[in-house]
Amino acid sequence: ARIGLVEEVKKQFRVQWNDPLNPASGLEFLYLDEESVDVLTQKGMAQTELVTAKDGTKKHKITAVIGPDGIGVENLQGSGKIAGITSRAYNDIFTLTFVSGTSVGIGAYLVRLGQRAIQKGPPILLTG
C-alpha cells in the first residue's frame, strides 16, 4: 500500500538498520537526528522518544507523525487500490486475511472482501 507522509518529516527521518551493511535484513526503527527533532517537535509535527539502538547509540525514535488537516487522502487511495486488487483476486486465487488487531472502516471492509479470515483478538467493526 502507498503510505502518505508529511513532506517535512519525509525529508528529515533516518533509518536505523538492523545491519547497516545489509539493508535487506530490515530496519530497527525510524528516527530523527538532533537538529530535526527540535524543529519538528516544536512545530508539533512529530513525537519521539529517546531510545538506545542495538548498536548502543542514542536516537530519537519516531513514535508519531502529526500532519496538517487534509493529508489522509493518500492513505484512502492506497486502501482503494488494495480493495480493487483483493476483489479481482477473489475469483482467481484463494484469499486469506489475518487480523491481529481491531479492524475498523476500510480495514474491516478489506477483511470481508477475502474468502477467509483468521481473527486473533479484538473485533472487526464494519461501519456505515
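Everything discussed here concerns the structure shown above.
No experiment lies behind these values; they were computed from the predicted model shown.

Student: Just to check I follow, could you spell out the overall build of the protein for this structure?
Tutor: Helix and strand counts for the protein stand at four helices and eight strands. When its helices and strands are written in sequence order, the protein yields α-β-β-α-β-β-α-β-β-α-β-β. The proportion of buried residues among the 128 residues of the protein is 23%. The long-range share in the protein, meaning contacts at least 24 apart out of those at least 6 apart in sequence, stands at 33%. Of the accessible surface of the protein, which amounts to about 8,900 Å², a share of 54% is contributed by carbon and sulfur atoms.

Student: Quick question: what am I supposed to make of the nonpolar core here?
Tutor: Looking at soluble globular proteins, one finds that nonpolar side chains tend to be buried together. Among the nonpolar cores identified, the biggest contains eight residues, and these are Val6, Val9, Leu32, Val37, Leu40, Met45, Ala46 and Ile62. Residues in contact with Met45, not counting those within four places in the same chain, are Val6, Glu8, Val9, Leu40, Ala64, Val65 and Ile66.

Student: How do you make sense of the packing of aromatic side chains when you look at a structure like this?
Tutor: Here the distance between the centres and the angle between the planes together describe a pair of aromatic rings. Summed over all chains, the structure comprises one aromatic pair. Judged by centre distance (6.3 Å) and plane angle (75 degrees), the ring pair of Phe29 and Tyr31 falls under edge-to-face. Tyr31 shares its class with Phe29; the two are buried.

Student: I'm lost on the environment of Leu27 in this one. Help?
Tutor: Structurally, Leu27 is set in strand 2 (residues 27–32). On the accessibility criterion, Leu27 (44% relative accessible area) is partly exposed. Apart from residues no more than four positions distant in its own chain, Leu27 is found in contact with Val15, Gln16, Trp17 and Asn18.

So, how was this worked out
Residues numbered from 1 in each chain as written. Predicted model: local features only at pLDDT ≥ 70, side-chain atom pairs only at ≥ 80, totals over all residues. Heavy atoms only, no water. Helix = DSSP H or I, 4+ residues; strand = E, 2+ residues; numbered from the N terminus. Buried < 20%, exposed > 50% of the residue type's maximum accessible area, 1.4 Å probe, protein only. Contact = heavy atoms within 4.5 Å. Areas by Shrake-Rupley, 256 points an atom, 1.4 Å probe, with all protein chains shown as cover. Core = buried A, V, L, I, M, F, W, Y, C linked by side-chain atoms within 4.5 Å. Phe/Tyr/Trp six-rings, centres within 6.5 Å; stacked < 30°, edge-to-face > 60°.

Purely spatial values, then, with no claim about function.
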